[in-house]
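Single-letter residue listing:
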Amino acid sequence: MVTIKEVTSKSAFKAFVKFPFELYKDNQYWVPPIIKDELETFNKDKNPAFHSAEARFFLAYQNNQIVGRVAAIVNWIEVKEQRLKKMRFGWFDFIDDFNVSKALLEKVHEIGKAHELSYLEGPVGFSNLDKVGVLIEGFDHIGTMITWYNHPYYQSHFEEHGFVKEKEYLENKFPAKNANPKFFAKANMLIKKRYQLRPINFTSSKEIMPWVDAMFDLFNDSYASLASFVKITDVQKEYFKKKYISFINPEYIKFIVDKEDTLVAFAIVMPSFSQALQKAKGKLFPTGIFHLLKAKKHSKDVIFYLIGVHPSYQNKGVTAVIFNEYHNTFTEKGIETCIRTPELEENTAIAQIWKHFNPVTHKRRRTYRKDL
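Keep in mind the model is a prediction, meaning the values are calculated, not measured.

Cut-offs used in this document
Residues numbered from 1 in each chain as written. Predicted model: local features only at pLDDT ≥ 70, side-chain atom pairs only at ≥ 80, totals over all residues. Heavy atoms only, no water. Helix = DSSP H or I, 4+ residues; strand = E, 2+ residues; numbered from the N terminus. Buried < 20%, exposed > 50% of the residue type's maximum accessible area, 1.4 Å probe, protein only. Polar contact = N/O pair within 3.5 Å; in protein donor to acceptor, adjacent residues only side chain to side chain. Contact = heavy atoms within 4.5 Å. 1 Å grid on protein atoms, 1.4 Å probe; cavity = no way out; pocket = protein on both sides within 12 Å on 5 of 7 lines; lining within 4 Å. Points joined across faces, edges and corners; volume = space filled by probe spheres on them. Nonpolar A, V, L, I, M, F, W, Y, C, P; charged D, E, K, R; others polar. Axes fitted to C-alpha atoms, helices over the stretch in contact; angles between N-to-C directions. Parallel < 35°, antiparallel > 145°, perpendicular 65-115°, else oblique. Left-handed = near helix turned anticlockwise from the far one by under 90°. Phe/Tyr/Trp six-rings, centres within 6.5 Å; stacked < 30°, edge-to-face > 60°. Salt bridge = Lys/Arg side-chain N within 4 Å of Asp/Glu carboxyl O. Pairing = 2+ DSSP bridges.

S.K.: How would you summarise the side chain of Asn75 if you had to cite specific residues and measurements?
M.R.: Considering the arrangement of structural elements, one finds Asn75 in strand β3 (residues 65–75). Take Asn75: its relative accessible area is 3%, and that puts it in the buried class. Separated by 2.8 Å, the side chain of Asn75 and the backbone oxygen of Phe126 make a polar contact. Those residues within four positions of Asn75 in sequence are excluded, and the remaining contacts are Ser52, Ala53, Arg88, Phe126 and Val230.

Structure representation (structure tokens):
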């Protein structure tokens, strides 16, 4: 028998966060989060996502043991402004028992019906900057700090419970040496001259901070046309600014501005923290922080986290300027592998940006949908 209990206490939230540590304890590809950070994500007083969304968290028990978890989420911007009557769910993990996954999904279904929503979709987070999708290919590749990892049986559970594919995401990678300057060096000069653009490079987080709000505004403008996009609010901008910007190597953030110093494009790259997080085992102290700092300085793998180009400059070759700047930085740092975060399969524009670098799709993930 499966029992579902709502998470309300501090100890229950900690159990919610730590359940995957048990589920994946012998898996060499799972990348654990920092427990403290995960707990803050679910804290209504700290995560501004709760200003425009609500969430309830549940644990599944069998024989007095935790055997699954799920977060049931309603993003009210999505529901009220975009008129997408979607019941979100994420942080969905479970043992290979159809009764467990069914019980958890039925709880999400119940909440969605109570809110008079039309369908379920997951796994997704609160917003577009959260993790997304269940892994369906690429189980033998190490995860990243910005994606979920899961066992192969998850897909069969969704299909058994009547869910169908909603969106598919591709994860690609390529050797840094594939970013051959012959594909962008000449275009870089022509584009800068034609549109009177200039790149901005940084050496400290302090230099970046005055630009961050404009960057998030540009992020919203860049992806507004995608059906699944939910804009980043002003409150969330402040949260992400404090939480992430100082954590990213400043030399891995590139901005492009026009003659009036208006931001027209940006890109953020992060060093890979995957192996460091595995060594940290969910804790910053006593040694986890040192593994992370070492990775920040010495990792030879990087992840393209965000890239945005203003709609009026899309398809004008502005990415050539970005790539030229990264080529210089990556050559200096000895970067070996470039990894891209999950990108919608339907986003052909992003595929065109990378086509010359011969990327290989090494993972696929998708969200699943079921009508209420």
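S.K.: Before we move on, could you go through the layout of surface pockets and cite the residues and values that matter?
M.R.: In this model, the second largest pocket occupies a volume close to 660 Å³. What lines the second largest pocket is a set of 29 residues, among which Asn315, Thr319, Ala349, Gln352 and Ile353 lie closest to the centre. No other element matches helix α13 (residues 348–354), which puts four residues into the lining of the second largest pocket. The residue makeup of the lining of the second largest pocket, split by class, is 16 nonpolar, ten polar and three charged.

S.K.: Describe the packing of helix α6 (residues 185–195) against helix α12 (residues 319–333), with residues and values.
M.R.: Running from amino to carboxyl end, α6 crosses α12 at an angle of 125°, the nearest separation of the two axes being 8 Å. It follows from the interaxial angle that α6 and α12 lie oblique. By crossing handedness, the relation of α6 to α12 is classed as left-handed. The residues of α12 that touch α6, namely those facing Ala185, Ala187, Asn188, Ile191 and Lys192, are Ala320, Val321 and Asn324. Residue composition of the contact of α6 with α12, by class: five nonpolar, two polar and one charged.

S.K.: So what about the environment of Pro20? Which residues, and what values?
M.R.: Tracing the sequence through the fold places Pro20 in helix α1 (residues 10–23). When its relative accessible area of 4% is taken as the criterion, Pro20 is described as buried. Along the chain, Pro20 and Ile136 lie 116 residues apart, while their C-alpha atoms are 18 Å from each other. The residues contacting Pro20, other than those within four sequence positions of it, are Lys25, Trp30, Arg69 and Asp93.

S.K.: Just give me the short version of empty space enclosed by the protein, but keep the residues and values in it.
M.R.: Here the structure, examined in full by the defined rule, presents three cavities of 30 Å³ or more. Reported here for the largest cavity is a volume of approximately 210 Å³. Trp30, Arg69, Asp93, Trp148 and Tyr149 are, among the 21 residues lining the largest cavity, the residues nearest its centre. Looking at the lining of the largest cavity, the elements with two or more residues in it are α1, β4 (86–94) and α5 (154–160). A per-element tally of the lining of the largest cavity places β4 first, with three residues. For the lining of the largest cavity, the class distribution of residues is 14 nonpolar, three polar and four charged. If you add up the space inside the second largest cavity, you get close to 60 Å³.

S.K.: So, the packing of aromatic side chains: which residues are in play, and what are the values?
M.R.: Pairs of aromatic rings are described using the distance from one ring centre to the other and the angle between the two planes. Applying the stated criterion across every chain, the model contains 40 aromatic pairs. Taken together, a centroid distance of 4.2 Å and an interplanar angle of 25° make the contact between Phe94 and Tyr154 stacked. Taken together, the positions of Phe94 in strand β4 and Tyr154 in helix α5 put the pair 60 residues apart, joining distant regions of the chain. Between Phe202 and Phe255, the aromatic rings sit 5.2 Å apart at their centres with planes inclined by 80°, giving edge-to-face as the arrangement. Here Phe202 is found in the loop between β8 (198–200) and α7 (205–208), whereas its partner Phe255 is found in strand β9 (residues 253–257), with 53 residues between them in sequence.

S.K.: Would you mind going over the environment of Gly334 in detail, with residue names and values included?
M.R.: Mapped onto the elements of the fold, Gly334 is located in the loop between α12 and β12 (337–340). Assessed through its relative accessible area of 33%, Gly334 is described here as partly exposed.

S.K.: Break down the pattern of salt bridges for me, with residues and values.
M.R.: Under the criterion given, the structure shown has 28 salt bridges. The partner of Glu110 in a salt bridge is Lys107, with the nearest N and O atoms 3.4 Å apart. Of this pair, Glu110 and Lys107 both sit in helix α4 (residues 98–114), three residues apart, which is roughly one turn of the helix. In this structure, Asp261 and Arg198 form a salt bridge, with 2.8 Å as the shortest nitrogen-oxygen distance. On the criterion of sequence distance, the pair formed by Asp261 in the loop between β9 and β10 (263–271) and Arg198 in strand β8 is long-range, its members being 63 residues apart. Taking the relative accessible area as the measure of exposure, Asp261 reaches 38% and is therefore partly exposed.

S.K.: Lay out unusual backbone geometry with the relevant residues and their values.
M.R.: Looking along the chain, the bond that leaves Gly122 and enters Pro123 is cis, with omega of 0°. Note on placement: Pro123 falls in the loop between β5 (119–122) and β6 (134–137). A positive phi is found at Arg83, a non-glycine position, where the angle reads about 60°. With respect to the helices and strands, the residue Arg83 is situated in the loop between α3 (76–81) and β4.

S.K.: I'd like a description of the pairing of strand β14 (residues 360–371), backed by residues and values.
M.R.: Within a regular strand, the side chains alternate between the two sheet faces. Across four bridges, β5 lies against β14 in antiparallel orientation. For Leu120, the partnering residue across the bridge sits in β14 and is Lys370. Alignment of β6 against β14, held across three bridges, turns out to be antiparallel. Bridge assignment links Glu137 to a residue of β14, and that residue is Arg364. In this structure, strand β7 (residues 164–175) lies alongside β14, joined through nine bridges in antiparallel fashion. The residue bridging Lys165 from the neighbouring strand is Tyr368, located in β14.

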